[in-house]
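# Chains, contacts and geometry: an overview
Each chain, letter by letter, is given below.
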Amino acid sequence: MKIAIIHKEKCKPEHCGHVCMKACPINKKGDECIKIEGKALIDEKLCIGCSICQKRCPFGAIDIINIPSIEDQRLIYRYGSNGFALYGLPIPRENTILGLLGRNGIGKSTAIEILSGKKKINFGLSSLNDCGASGEEIRKYLQGTELLKYFDSLEGKKISYKPQNLSFLFVDVKAIELLKQRGSEEEIRKIAEKLGVEKMLDSKLDKLSGGELQKIAIIAAAVSESDIYFFDEPLAFLDIAERIRVSDFIRELARGKNVIVVEHDLLMLDYLAEYLNIFYGQSGCFGLISGIKSTRYGINSYLGGFLKEENLRIRDK
């Protein structure tokens, strides 16, 4: 199987003379494998994977990737035609902390947005990118899998989600005023004391540091009693002592709950999570997900660059 990725921020048809179209052997035969519609667009069904367009593009906007070990049927989500593709999903476990490990741009945030219900599976169909597939289509695809049980169990459950990007918090509003929309002031101050930011609650959010904003976002996710918690990079901007403090808080929060954490700090991930899934592939192009592994074994496999159970080398160094 092959996929064609167009990095739209790099694609500049007005400056390149459309060299990708001119160099494509399929276009030379008279078929329209590559066309320009504002940006370049590649028909993956016509593409033969020769990578000539990739080599000729002066801005490095094209990636043609052959992935023979993956079936097209495993495609879960794609960001439009020639966009990033995610194959497979991690499976959350009851009453545990599940860690998601992998490089940036490999699909971890997309996966937890799908698992939290913020995005819907679209199977890579461009016509479904905004609304996702129907519930019946998703059930048919997931039939007989643990993921179907998980999505069925979401009905009636309360979900809390701490996003990776905190720029939306940089506003001229007091932290306590924003947090009171999520829960009681008493509970907010109780959690803030545990996280060491009780003195920051009366400060305006646009005056806080990155680490302080991170903790405010964690309070916002934790203050309302939920069944499943998603934390996307909760330890970013924090020093080691504060990382331990936040990790201890998340472990306390996880008692009797489902918690899914995306984290790059391998030491803290080992301290925090019980199991993990490894994301691998090519950053900005496609992401694949390993089977579930114990944290220590999974981290060692990731560092070694070889997944024994999948018999797959994910890195050459």
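The notes below deal with the structure included here. (Residues numbered from 1 in each chain as written. Predicted model: local features only at pLDDT ≥ 70, side-chain atom pairs only at ≥ 80, totals over all residues. Heavy atoms only, no water.)

One can find Asp232 in strand S9 (residues 228–232). Here Ser109 takes part through its side chain, which lies 2.6 Å from a polar atom of the side chain of Asp232. In this structure Asp232 touches Ser109, Ile112, Tyr161, Lys162, Pro163, Gln164 and Val262, once residues within four positions along its chain are discounted. (Helix = DSSP H or I, 4+ residues; strand = E, 2+ residues; numbered from the N terminus. Polar contact = N/O pair within 3.5 Å; in protein donor to acceptor, adjacent residues only side chain to side chain. Contact = heavy atoms within 4.5 Å.)

Right, let's talk about the packing of aromatic side chains for a bit. Counted according to the given criterion, the structure contains 5 aromatic pairs. Taken together, a centroid distance of 4.9 Å and an interplanar angle of 55° make the contact between Phe123 and Tyr141 tilted. One end of the pair, Phe123, is in the loop between helix H5 (108–115) and helix H6 (135–142); the other, Tyr141, is in helix H6, with 18 residues separating them in the sequence. Exposure remark for Tyr141: the relative accessible area of 31% places this residue in the partly exposed category. Look at Tyr150 and Phe151: their rings are 5.4 Å apart centre to centre, the planes differ by 70°, and that puts the pair in the edge-to-face class. Residue Tyr150 shares its accessibility class with Phe151, and that shared class is buried. (Phe/Tyr/Trp six-rings, centres within 6.5 Å; stacked < 30°, edge-to-face > 60°. Buried < 20%, exposed > 50% of the residue type's maximum accessible area, 1.4 Å probe, protein only.)

Here we take up the pattern of salt bridges. Counted under the stated rule, the structure contains 18 salt bridges. For Glu94, the salt bridge goes to Lys157, with nearest N and O atoms at 3.8 Å. With a gap of 63 residues between them, Glu94 in the loop between strand S6 (85–87) and strand S7 (97–101) and Lys157 in the loop between helix H7 (146–153) and strand S8 (159–162) connect regions that are remote in the sequence. Among the salt bridges present, the one from Lys293 reaches Glu310, with a minimum N-O distance of 3.3 Å. Note that Lys293 is positioned in strand S13 (residues 293–294) and Glu310 in the loop between strand S14 (306–307) and strand S15 (312–313), a separation of 17 residues in sequence. Among the charged side chains, a network of salt bridges with common partners joins Glu177, Lys180, Glu185, Arg189 and Asp202. (Salt bridge = Lys/Arg side-chain N within 4 Å of Asp/Glu carboxyl O.)

All right, on to the packing of helix H9 (residues 185–195) against helix H11 (residues 240–253) then. Relative orientation of the contacting elements H9 and H11 amounts to 135°, with a least axis distance of 9 Å. Here H9 lies oblique to H11, going by the angle between them. Between H9 and H11, the contacting residues are Ile191, Glu193, Lys194 and Leu195 on the first element and Glu242, Arg245, Val246, Phe249 and Glu252 on the second. Residue classes in the contact of H9 with H11 are distributed as 4 nonpolar, no polar and 5 charged. (Axes fitted to C-alpha atoms, helices over the stretch in contact; angles between N-to-C directions. Parallel < 35°, antiparallel > 145°, perpendicular 65-115°, else oblique. Nonpolar A, V, L, I, M, F, W, Y, C, P; charged D, E, K, R; others polar.)

Counting residues in each nonpolar core, the largest one holds 57 residues, and the members touching the most others are Tyr87, Ile219, Phe231, Ile250 and Phe286. Tallying contributions element by element places helix H10 (residues 210–222) first for this core, with 8 residues. Every residue in contact with Tyr87, bar those within four places of it in the chain, is listed here: Met1, Ile3, Ile67, Ile70, Glu71, Arg74, Leu75, Ile76, Phe286, Gly287, Leu288 and Ile289. Formed by 29 residues, the second largest nonpolar core is a distinct cluster that contains Phe84, Ile138, Leu148 and Phe151. (Core = buried A, V, L, I, M, F, W, Y, C linked by side-chain atoms within 4.5 Å.)

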